[in-house]
Amino acid sequence: MVVSGAVEQLETATGDGRRIANRLGRAVNRACDRAVRTTVNVRGRNWAAFRVCGVVGFALAVALGGWLAVHQQLSAGVLGVLALGAALTFFALAFGAKVLTGQERLVYYHHELAIFAVSTLILTAIGRPVLPYLDLTALGVGTFLACGRVGCFLAGCCHGRPSRCGVAYGNDHVAIGFPAPLASVRLLPVQLVEALWAAAAVALGTALVVRGAAPGAAWCSYVVLYDLGRFGLEFVRGDAERPYHAGFSSAQWLALGLTALVVGGEVTGVLPMAGWHIAALVALVVAMTAVVVRRRTRSVPRHLLLHPRHVAELAEIVQWGGDVPVHAPRTTEPAQLRMEETSLGVRISVGKTADDRLVTHYGISSAAGEMTAESARAIAREILLLRHPDAASQFLPGRLGVYHLLAFDPDSSTAAWGRADDRSR
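Residues numbered from 1 in each chain as written. Predicted model: local features only at pLDDT ≥ 70, side-chain atom pairs only at ≥ 80, totals over all residues. Heavy atoms only, no water.

## Brief notes about the overall build of the protein
The secondary structure content of the protein amounts to 13 helices and 13 strands. Classification of the 425 residues of the protein by burial places 43% in the buried group. (Helix = DSSP H or I, 4+ residues; strand = E, 2+ residues; numbered from the N terminus. Buried < 20%, exposed > 50% of the residue type's maximum accessible area, 1.4 Å probe, protein only.)

Here is the structure:
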C-alpha cells in the first residue's frame, strides 16, 4: 500500500510538472512571437529593428566607457578617438564583406579582433597606455554585442535550432533574408541567451575596473568568459551559412584560440594573471576532446545528420511535402508520393492520406546503405519539429532498412504545446 501510494503521488507530481512546463512553454512561445519584428516605430517612422538595436548598443557602450573613464581618470578625448575608430572599423568590415560576398554579413569575432587591433595601434601611435583603454574598449564591444544580439533575435538572424520552445518567424522575416523553409518553425532563441551572456561578461569586467583590478584584467576576463559561452552556444546555433572545420564552427576554434592567447599572455607576464582563465582553457580543450571522442565512437553520425546544413535540407523537403495531394483511402486512385534525397544520402518520401483525420506519412531510408533505427529516429524527430510540432505520431520500422513516420493532424485530445506524442520512445 505504501509503495502504491508513493507511485500514485509520483505520477501525480509528474503530471503536474508537465502541465506547468506546458503552460510555461506556451507563455514563452507567445512572448517570443509577439516580440519579434523586422521594424521598430520611432516617432512615427519605421526603422530596421536590427539597426535600432545597434544604435542603442553603441550609445550605451559610449556611456559606459565614459563613466568608467571618469572613474579611472582616463582621457575622455582618447576614449572618443577609440569609439570613432571602432565605429569606422565596424563599417569598413561590413562594407568590405558586402563588396566581396554581395551580402551584408556581420561576424562578431572578426569585428572584435579588428577593433582590438585598431585600438591597440591608435593607443601605441599616440603614446597612451594600451591595457587601461583596452579594458574599456572590450566592455564597450560587449555592450554593443548584447544589444546587437537582441537585434538578431528581432530580425531572425543567428537563430537557433528547431525546438519545442522558442520563436517562430514569419513572412516578414523571409522578405529580409530569413530562410523560407524555416518560416513558422519554432527555433531556440539562442540570440537572447547570448545577449544575456555578453551582458554578464560586461558586468564582470565592469566590476573589475570599479574595484581597481590591474589594467588588462577586465579585457582578459571579458574575452575568456565570452569565449566559454560562445563555444557552448555554437552547438545549438541553427543558421547554416557559417563555416566549419574538423566538425567545429570557426567561432568555436576562435574561442579556443583567443582563450589560449589570453592565458599565454598571462603566463608570460604580459597580462595580469587570473587562475580561472587557465581552468577555462582546460575546460574548452577537454570539452572539444570529449566531443571528438564521442563522435568517433558512436555508430551513428548524429552530428552530421543534425548539422544545421543538413537540417536546412530536411526543412526544404518537408516544406515541399506540404504540396503533396491528399489521398483518400477509399478511392481506387493510387496515392501520390514525393521523394527527395539529402546530401548525406538520406531519402525522404512524403505522402498524405485522409480518413477520419489527415495523416502525413514519411518514409525514411538511406541511399548509402541500410538506414539504422537510431539514425531514422533522429531524422523523424527533426521532421516533427520542422513540420508537425503539435502532432501525435508513430515511428515504425519497415523492411530493407526503410522506416516510417506517421504524423497525425492534431485535435483537441492530442494537441499539446510543442510536444509530439512519439510512441516509439
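## Some remarks on the nonpolar core
As a rule of thumb, soluble globular proteins bury nonpolar side chains together. One finds Tyr108, Tyr109, Phe116, Trp219, Tyr222 and Val223 to be the most contacted residues of the largest nonpolar core, which totals 47 residues. Contacts of phenylalanine 116, omitting those with residues within four sequence positions, involve Leu134, Thr137, Ala138, Val141, Trp219 and Val223. Core analysis: the next-biggest nonpolar cluster, separate from the first, contains 36 residues, Val185, Ala315, Tyr403 and Leu405 among them. (Core = buried A, V, L, I, M, F, W, Y, C linked by side-chain atoms within 4.5 Å. Contact = heavy atoms within 4.5 Å.)

## A word on unusual backbone geometry
Even without a glycine there, the phi angle at arginine 43 is positive, about 55°. On the basis of relative accessible area, arginine 43 is assigned to the exposed category, the value being 87%. Even without glycine at this site, serine 184 takes up a positive phi of about 70°. Of note, serine 184 is situated in the loop between helix H6 (171–174) and strand E4 (186–187). Residue class for serine 184 comes out exposed when judged on its relative accessible area of 62%.

## Considerations on the packing of aromatic side chains
Using the criterion set out here, one finds 12 aromatic pairs in the structure. Centre to centre, the rings of phenylalanine 116 and tryptophan 219 are 5.8 Å apart; their planes meet at 70°, and the pair counts as edge-to-face. Within this pair, whereas phenylalanine 116 is found in helix H4 (residues 108–125), its partner tryptophan 219 is found in helix H8 (residues 217–233), the two being separated by 103 residues in sequence. A relative accessible area of 12% places tryptophan 219 in the buried class. Measuring from centroid to centroid gives 5.7 Å for phenylalanine 231 and phenylalanine 235, while their planes differ by 85°, and the two rings are edge-to-face. Owing to a relative accessible area of 5%, phenylalanine 231 belongs among the buried residues under this scheme. Ring pairs connect the aromatic residues Tyr108, Tyr109, Tyr222 and Tyr226, which therefore count as one cluster. (Phe/Tyr/Trp six-rings, centres within 6.5 Å; stacked < 30°, edge-to-face > 60°.)

## Side note on the pattern of salt bridges
Using the criterion set out here, one finds 10 salt bridges in the structure. Residue arginine 149 pairs with glutamate 194 through a salt bridge whose shortest N-O separation is 3.0 Å. With a gap of 45 residues between them, arginine 149 in helix H5 (residues 130–155) and glutamate 194 in helix H7 (residues 190–210) connect regions that are remote in the sequence. We classify arginine 149 as buried; its relative accessible area is 6%. (Salt bridge = Lys/Arg side-chain N within 4 Å of Asp/Glu carboxyl O.)

## Points about the side chain of serine 221
Mapped onto the elements of the fold, serine 221 is located in helix H8. Taking the relative accessible area as the measure of exposure, serine 221 reaches 4% and is therefore buried. The contact partners of serine 221, leaving out residues within four places of it in the chain, are Leu204, Leu208, Trp276 and His277.

## Things to note about the pairing of strand E11 (residues 392–397)
The pairing of E11 with strand E12 (residues 403–408) spans six bridges and is antiparallel. Along E12, the bridge assignment pairs phenylalanine 395 with leucine 405. Hairpin geometry of E11 and E12 is characterised by an intervening segment of five residues between the two adjacent antiparallel strands and by a positive phi of about 60° at leucine 400. (Pairing = 2+ DSSP bridges.)

## Topic: the side chain of serine 249
Among the structural elements, serine 249 can be located in strand E6 (residues 248–249). Here glutamate 234 takes part through its side chain, which lies 2.7 Å from a polar atom of the side chain of serine 249. Leave out the neighbours within four places in its chain, and serine 249 touches Glu234, Arg242, Pro243 and Tyr244. (Polar contact = N/O pair within 3.5 Å; in protein donor to acceptor, adjacent residues only side chain to side chain.)

## A closer look at the environment of glycine 66
Note on placement: glycine 66 falls in helix H2 (residues 49–72). Remark: the alpha-carbon pair of glycine 66 and glycine 80, spanning 14 residues in sequence, is separated by 8.7 Å.

## Comments concerning helix H3 (residues 76–101)
Its 26 residues give H3 an end-to-end C-alpha distance of 37 Å, which sits within 8% of 38 Å, the value for a rise of 1.5 Å per residue. The complete set of buried residues in H3 reads Val78, Leu79, Leu82, Gly85, Ala86, Ala87, Thr89, Phe90, Ala94 and Ala97. Buried residues belonging to H3 abut H2, H4 and H5. With a side-chain oxygen positioned 3.3 Å from the backbone nitrogen of glycine 77, the residue opening H3 is serine 75. (Expected span 1.5 Å × (residues − 1).)

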